[in-house]
Amino acid sequence: MKRVFSYIIISIAGLFTVALQAQPEETVETLARQFVAPSDIYRPHTWWHWLGTFYSKEGITADLEAMKEAGIGGVVVFNAPAWLDTLRAPWPQQTYRSTAYWDALGHALKEARRLNMQVGIHNTPGWSTTGGTWISPEEDGMKAATFSTTKIAGGQKITVNLPTPAGDYYKDVAVMAVPAKKELALADVCDISDSFSGGVLTWDAPQGEWTVYRFGWFSTMQRSHPAPEDVAATAFEADKMNIPATIKHWTNVLTPLRERFGDYIGTTFNDIWIDSYEAWGQSWTPEFRTEFIRMKGYDPVPQIVLAYERGDAILNNSTKGIERIKAEFSDESKAFLADYKAVVNRLFLRCWETGLRMCHEAGFRLCFEPYGSIISAPFDIAEGVGIADIPVTEFWVHSHEPSGGDAIAQAAARFQKRIVGAEAFTGMEATCQFTETPAMLKRPADMGYNFGVNRYYLHSWAHNPFGDQYRPGFVFAHYGTHFSRLQTWLEPGKAFFTYLTRCQMLLQQGSFIERNNEVVHRRTPQAEIFFVRNTGAAQEKTFEFPVANRVPELWNAYTGTITAVSGTKADNGNTLVTIHLEKDESVFVIFPAHNGAWPKLPERRLVGEAATEVSGSWTVTFNPATGEKPFRRKFQTLVDFSEQNDAAVKYFSGTAVYEKSIHIKAFNDADTRIVIALGRVGDIAEVEINGRKAGVLWTAPFSADITPLLKPGANRFVVRVTNTWVNRLIGDEQYPRDFEWEIRESNRLPVMKGLPEWFLKGTPRPEPRRKTFAPWFYHNKDSKPEPAGLIGPVSIVCQTVTAVN
């Protein structure tokens, strides 16, 4: 019965993996219908960092429910350190892969199934790369070549101890002798291994001066990092060029998952991850010499010695690689180093392929970031893309292009990989200090899509195991972006996640054709799809699309609207379309194969406009994100909260609700469009008019067409503005810290030494004026608060428009 079950899982997994890449295309009618409220399958996913022993079933449920409500479709579990004093952790028994850990992971899968969400997990503790506590550094760990040298005077029988090269668990490969000559050739390198035993060389040395190389390998002792504290010292990286070590690793990864959670595999539990390569170098494996000879037809060891003697290459102790050290060097060394690199590449890829096969046999897909992060990957990126079920790149909030640039999407197209993922919005303290907003994230989001990415895995949602009374709660050390169920803007931020989902829905259709500057092109039998972005100032620009005899449409993922647009025929038969784009605005230009009956707004041209500034006082209700009692203020004009003397306003974080009655004159909506322009907003606004929602405005220019919501006379305007946590965090720094803290040398940031006693015991905190709680913090009492609130000026813009036939 067990064998039958296993075979069914394998068969289902194979079909599931094929289905991922060969999913039938949606019709344009279906896409248009879903554009307003796209299917959950197109939602972004998020990395979900479980920090050391700090996880709880209550927190797991709360996190997943918040993700689902916000518009996130799945999670990838990463087990990372808490970077806190674990002696003061409330659940010390919840170590990595303990009974409590498996129980919590099972709870996460059960809850994800209930919520119709997807789950993946990283294969190793930490995020790099393939390893764990089951890897013996001596037998299964990563290895590097090394040697010691001894000078010998020849013309006599020599008996000499050869020093053992530096390195843990050293093993000999060969002993080579090289004569002292001005011009060395390969034939001059002598293999004298038969004269060496037990560390002693006994050799009838020919005349002349000789350098003897005792050549071998050692364990790099590379650990999986950064792993949870309880396994940080014992989780080692697996040998990346050795099949038995690879099989041992993946067996230990997959067997417990299949045995415990087989019912979820293929439905809820689908993906095994390999993050970007950060395991440093590996220059050797026990079978390397044999494999090199098999692939290239000659022995690599004399070539390594010769290249070193000539000064063409070195064994790099930092990267553990064999590397060239001169701009110009001998053709022989050049050819050898190329062959060496090719063999390393092939052995690495062979092990990745083994991992892929074993993931498939267990019923999983493999998501793989096939490139180096802190060093260049010792394998070919494009071939790595070909191995992955879902190839994944990454970009940071400040990135101008994803890792690998165009290479990932181009290779994915060549290997017919429909989904191209990205670890999205990674950041550190220089850019992510709880300052992140949807407006800040839009530019890198559009950049990633422009490079051919079509599914985002948000970096990162730190699991918060404690109750919602502790806000903003746990964070993933000093890494961003700070996605969390207690993020101030999570509720209005649904509009941002919907934007991502709409983009991904369209960008997952058909095949990737090309990327041309700021336009990416995909093609389906139903439509030509172009994603266009503007990175400069607001402008009207004419784009030329390689499409003939089709009528274009503008699909706006920000508003969820489709608008008819006129195109003109270029001399070469292509279609010219003129589009007005605001700064950092993007739009899809769709050329359907046929005109359908889906709803479209008519194309209307702006003839003129007049703006009227909304003056007078505003009543504002402040709803603190910390859960404190709301309070009200009346302002005679719009103000920036951060510039006020009133500390409750200056250090406010949360949602401020503005209410005002505005008189609107009667108008003819056939030739009039009325737009609300909010001016400066800190940071995201939801507009409601006469009890009806006008939408969430989360990026500049913070304006919206409100024509259908208005009536002649008095209109009730409500604007809900949500800012970040920054100002309240700075406000708390005005008061004494009621916890022990230290400065981390790695980044000079303050961090709690451990959870304070009052927190663990649930007693009142010693400093009640402090309202926030987060183990890591970026601000002090002298930090400048961020602009916040509806800063304005707010205007009602009356536009005269005319229909375009």
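The structure reproduced in this document is the subject of the present report. (Residues numbered from 1 in each chain as written. Predicted model: local features only at pLDDT ≥ 70, side-chain atom pairs only at ≥ 80, totals over all residues. Heavy atoms only, no water.)

1. Looking at the overall build of the chain
Inference 1: What the chain contains, in helices and strands, is 15 helices and 42 strands.
Inference 2: Against the globule reference of 28 Å for 805 residues, the chain gives a C-alpha radius of gyration of 31 Å, in line with a compact fold.
Inference 3: The burial tally for the chain puts 58% of its 805 residues in the buried class.
Inference 4: Within the chain, residue pairs in contact and separated by at least 24 positions form 78% of the contacts whose partners lie at least 6 positions apart.
Inference 5: For the chain, the accessible surface area stands at approximately 32,500 Å², while carbon and sulfur atoms represent 51% of it. (Helix = DSSP H or I, 4+ residues; strand = E, 2+ residues; numbered from the N terminus. Rg over C-alpha atoms; globule rule 2.2 N^0.38 Å. Buried < 20%, exposed > 50% of the residue type's maximum accessible area, 1.4 Å probe, protein only. Contact = heavy atoms within 4.5 Å. Areas by Shrake-Rupley, 256 points an atom, 1.4 Å probe, with all protein chains shown as cover.)

2. What to know about the sheet that holds strand E33 (residues 672–677)
Inference 1: On the basis of which strands lie adjacent, the open sheet formed by four strands has the order E29-E42-E33-E37 and antiparallel pairing. Of all the strands in the sheet, the pair left with one neighbour each is strand E29 (604–613) and strand E37 (703–705). Recorded for the sheet is a direction-independent mean angle of 25° between the axes of neighbouring strands.
Inference 2: As paired strands, E33 and E37 are joined by three bridges and run antiparallel to one another. Directly across from isoleucine 676, in E37, lies its bridge partner alanine 704. (Pairing = 2+ DSSP bridges. Axes fitted to C-alpha atoms, helices over the stretch in contact; angles between N-to-C directions.)

3. Quick look at the pattern of salt bridges
Inference 1: Following the criterion strictly, the structure yields 42 salt bridges and no others.
Inference 2: For arginine 289, the salt bridge goes to aspartate 299, with nearest N and O atoms at 2.6 Å. Taken together, the residues arginine 289 in helix H6 (residues 288–296) and aspartate 299 in the loop between H6 and helix H7 (300–309) connect sequence positions 10 residues apart.
Inference 3: Residue lysine 600 is joined to glutamate 553 by a salt bridge in which the shortest nitrogen-to-oxygen separation is 3.5 Å. Here lysine 600, found in the loop between strand E28 (586–592) and E29, pairs with glutamate 553, found in strand E24 (residues 553–556); they are 47 residues apart in sequence, far enough to count as distant.
Inference 4: Look at glutamate 553 and you get buried, because its relative accessible area is 2%.
Inference 5: Put simply, Asp40, Arg43 and Lys68 are held in one network by salt bridges that share partners. (Salt bridge = Lys/Arg side-chain N within 4 Å of Asp/Glu carboxyl O.)

4. Focus: the environment of threonine 285
Inference 1: The topology assignment puts threonine 285 in the loop between strand E13 (269–274) and H6.
Inference 2: A sequence separation of 341 residues divides threonine 285 from threonine 626, and the C-alpha atoms of the two residues are 55 Å apart.
Inference 3: Apart from residues no more than four positions distant in its own chain, threonine 285 is found in contact with Lys143, Asp239, Met241, Asn242 and Leu347.

5. Topic: helix H3 (residues 57–70)
Inference 1: A rise of 1.5 Å per residue sets the reference length of H3, with its 14 residues, at 20 Å; its end C-alpha atoms lie 20 Å apart and thus fit the reference within 8%.
Inference 2: Within the sequence span of H3, burial applies to Gly59, Ile60, Thr61, Asp63, Leu64, Ala66, Met67 and Ala70.
Inference 3: Of the residues flanking the end of H3, it is glycine 71, one or two places downstream, whose phi is positive at about 115°. (Expected span 1.5 Å × (residues − 1).)

6. What about the environment of tyrosine 55?
Inference 1: Residue placement: tyrosine 55 occurs in the loop between strand E1 (45–51) and H3.
Inference 2: Of the residues examined, tyrosine 55 reaches a relative accessible area of 2% and is grouped as buried.
Inference 3: As for tyrosine 55 and valine 696, which are separated by 641 residues in sequence, their C-alpha atoms are 33 Å apart.
Inference 4: If near-sequence neighbours (up to four positions away) are discounted, tyrosine 55 is found in contact with Trp50, Trp91, Gln94, Thr95, Ser98, Ala100, Tyr101, Ala104, His463 and Pro465.
Inference 5: Reaching out from tyrosine 55, the side chain makes a polar contact with the backbone nitrogen of tyrosine 101 at a distance of 3.3 Å. (Polar contact = N/O pair within 3.5 Å; in protein donor to acceptor, adjacent residues only side chain to side chain.)

7. Observations concerning the sheet that holds strand E6 (residues 156–161)
Inference 1: With antiparallel pairing, three strands are arranged side by side in an open sheet as E6-E10-E9. The sheet is open, and its two borders are formed by E6 and strand E9 (196–197), each paired with just one other strand.
Inference 2: Two elements, E9 and strand E10 (residues 200–205), share two bridges in a ladder whose sense is antiparallel. Each residue of the ladder has a partner; that of serine 197, found in E10, is valine 200.

8. Observations concerning the side chain of arginine 673
Inference 1: Its place among the elements puts arginine 673 in strand E33.
Inference 2: Despite its burial, arginine 673 pairs with no opposite charge, the nearest such side chain being aspartate 705 at 4.7 Å.
Inference 3: Separated by 2.7 Å, the side chains of arginine 673 and glutamine 799 make a polar contact.
Inference 4: Once residues within four sequence positions are removed from consideration, arginine 673 is found in contact with Arg604, Leu606, Asp705, Thr707, Val797, Cys798, Gln799 and Val801. (Lys, Arg positive; Asp, Glu negative; His and termini not counted.)

9. A short note on helix H4 (residues 99–114)
Inference 1: Over its 16 residues, H4 runs 23 Å from end to end, which matches the ideal 22 Å to within 8%, given 1.5 Å per residue.
Inference 2: All of the buried residues in H4 are Tyr101, Trp102, Ala104, Leu105, Gly106, His107, Ala108, Leu109, Glu111 and Ala112.
Inference 3: Contacts made by the buried residues of H4 are with E1, H3, strand E2 (74–80), strand E3 (118–122), helix H5 (243–261) and E13.
Inference 4: A positive phi of about 60° marks asparagine 116, the residue just after H4.

10. Observations regarding the layout of surface pockets
Inference 1: Computed from the structure, the second largest pocket encloses a volume of approximately 590 Å³.
Inference 2: Residue lining of the second largest pocket: 24 residues in total, with Ile322, Glu323, Tyr340, Lys341 and Pro378 positioned closest to the centre.
Inference 3: Contributing elements (two or more residues each) for the lining of the second largest pocket: strand E15 (322–324) and helix H8 (331–361).
Inference 4: Element by element, the count of residues in the lining of the second largest pocket is highest for H8, at eight residues.
Inference 5: Here the lining of the second largest pocket is composed, by residue class, of 11 nonpolar, seven polar and six charged. (1 Å grid on protein atoms, 1.4 Å probe; cavity = no way out; pocket = protein on both sides within 12 Å on 5 of 7 lines; lining within 4 Å. Points joined across faces, edges and corners; volume = space filled by probe spheres on them. Nonpolar A, V, L, I, M, F, W, Y, C, P; charged D, E, K, R; others polar.)

11. Some details on the nonpolar core
Inference 1: Core analysis: the largest hydrophobic core is formed by 138 residues, its most contacted members being Trp48, Trp50, Phe269, Phe425, Tyr456, Trp555 and Phe588.
Inference 2: Tallying contributions element by element places H8 first for this core, with 12 residues.
Inference 3: Those residues in contact with tryptophan 555, other than ones at most four positions away along the chain, are Val28, Leu31, Ala32, Phe35, Leu506, Thr561, Ile562, Val587, Phe588, Ile590 and Trp598.
Inference 4: Within the second largest apolar cluster, 42 residues are counted, among which are Phe54, Phe78, Ile390 and Val726. (Core = buried A, V, L, I, M, F, W, Y, C linked by side-chain atoms within 4.5 Å.)

12. Regarding unusual backbone geometry
Inference 1: In the segment running from serine 128 into threonine 129, the intervening peptide bond is cis, with an omega of -10°.
Inference 2: Looking along the chain, the bond that leaves glycine 682 and enters aspartate 683 is cis, with omega of 20°.
Inference 3: With respect to the element layout, aspartate 683 can be found in the loop between strand E34 (680–682) and strand E35 (684–689).
Inference 4: Backbone geometry places alanine 477, a non-glycine residue, at a positive phi of 50°.
Inference 5: Topologically, alanine 477 is positioned in the loop between strand E19 (455–462) and helix H12 (494–507).
Inference 6: On the accessibility criterion, alanine 477 (3% relative accessible area) is buried.
Inference 7: In this model, asparagine 690 sits at a positive phi of 55°, which is unusual for a non-glycine residue.
Inference 8: Looking at the secondary structure, you find asparagine 690 in the loop between E35 and strand E36 (692–697).

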